[in-house]
Structure formats: C-alpha cells, structure tokens
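# An overview of the molecular structure
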Amino acid sequence: MSRISANDLKTRGVAAIEAALSTEPEAIVSVRGRERYVVMDIAHYHYLRECELEAALAETRSDLAAGRAVRESPEAHLTRLDSQE
C-alpha cells in the first residue's frame, strides 16, 4: 500500500494523493511517522461500501433463515425493548 507523509501532502497537495493512487487503490497518510488516515479513489470507496452492504444483507438473510428474527408491530417492538432494560 502506498504511503504519503503529512508533510508531503502539505507541500504537494492532491498531486501527492494522485501519485500514490496511480499504482494502488488505497494510500495511507502518516502523521509524525504514525499511520493515521486512508485515502482512496471515490470509485474504490463505492465498491467497498457495496461490499459492506452485501455482507450485511447476507448476514440478515442468514438470520432470517435460522429463525433469529422477530416479526412484530412497532408498538410491540418498543414494549419488548422497554422490558429488556
């Protein structure tokens, strides 16, 4: 994974990000030698978000298939939540 120092980012700006992302989908920004942030192309971000949503959907389907879900009205749901406190 590409690395960009905060100083390089300060002096070169977006050009430093573009250079880092020209060969890798993500780049780590380090501040005082410590990894602090990750930057990526927006298309890669959208891809990762889609993967995250697909994983959540698969988990939900698994819960439904295994009977780990409750079907109830909003009122019944709130009553159940209040009784768990």
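Before reading on, note that the structure itself is shown above.
Residues numbered from 1 in each chain as written. Predicted model: local features only at pLDDT ≥ 70, side-chain atom pairs only at ≥ 80, totals over all residues. Heavy atoms only, no water.

## Quick word on the overall build of the chain
Scanning the chain from terminus to terminus reveals 4 helices and 3 strands. In summary, the chain has a C-alpha radius of gyration of 22 Å against a globular reference of 12 Å for 85 residues, an excess of more than 25%. Based on the C-alpha atoms only, the size of the chain along its principal axes is roughly 60 × 30 × 20 Å. Considering the chain as a whole, with its 85 residues, one finds that 12% of them fall into the buried category. The long-range share in the chain, meaning contacts at least 24 apart out of those at least 6 apart in sequence, stands at 25%. For the chain, the exposed surface amounts to about 7,000 Å²; the carbon and sulfur share of it is 53%. (Helix = DSSP H or I, 4+ residues; strand = E, 2+ residues; numbered from the N terminus. Rg over C-alpha atoms; globule rule 2.2 N^0.38 Å. Buried < 20%, exposed > 50% of the residue type's maximum accessible area, 1.4 Å probe, protein only. Contact = heavy atoms within 4.5 Å. Areas by Shrake-Rupley, 256 points an atom, 1.4 Å probe, with all protein chains shown as cover.)

## Points about the environment of Glu26
The residue Glu26 is located in strand β2 (residues 26-31) in this model. A relative accessible area of 19% means that Glu26 is categorised as buried. On a C-alpha basis, the gap between Glu26 and Val39 in space is 5.8 Å, while along the polypeptide they are 13 residues apart. Excluding residues that lie within four positions of it along the chain, Glu26 makes contacts with Met1, Ser2, Leu21, Val38, Val39, Met40, His44 and Leu48. A polar atom in the side chain of Glu26 sits 3.0 Å from the side chain of His44. (Polar contact = N/O pair within 3.5 Å; in protein donor to acceptor, adjacent residues only side chain to side chain.)

## Here's the deal with unusual backbone geometry
The backbone phi angle of Arg32 is positive, close to 50°, even though this residue is not glycine. In this fold, Arg32 is placed in the loop between β2 and β3 (34-40). Take Arg32: its relative accessible area is 80%, and that puts it in the exposed class.

## Quick look at the sheet that holds strand β1 (residues 2-5)
The mixed open sheet is built from 3 strands, whose spatial order is β1-β2-β3. Both edges of this open sheet fall to β1 and β3, since each of them pairs with a single strand only. Strand after strand, the sheet turns through a mean of 35° between neighbouring axes, direction not considered. Where β1 and β2 come together, 4 bridges link them in parallel fashion. In the strand pairing of β2, Ser5 is matched with Ser30. Relative to the sheet, helix α2 (residues 14-21) contacts β1, β2 and β3, its axis offset from that of β1 by approximately 165°. (Pairing = 2+ DSSP bridges. Axes fitted to C-alpha atoms, helices over the stretch in contact; angles between N-to-C directions.)

## Considerations on the nonpolar core
Among the nonpolar cores identified, the biggest contains 5 residues, and these are Ile4, Ala16, Ala20, Ala27 and Val29. If you list the elements that add at least two residues to this core, you get α2 and β2. Leave out the neighbours within four places in its chain, and Ala27 touches Met1, Ser2, Ile4, Ala20, Leu21, Tyr37, Val38 and Val39. (Core = buried A, V, L, I, M, F, W, Y, C linked by side-chain atoms within 4.5 Å.)

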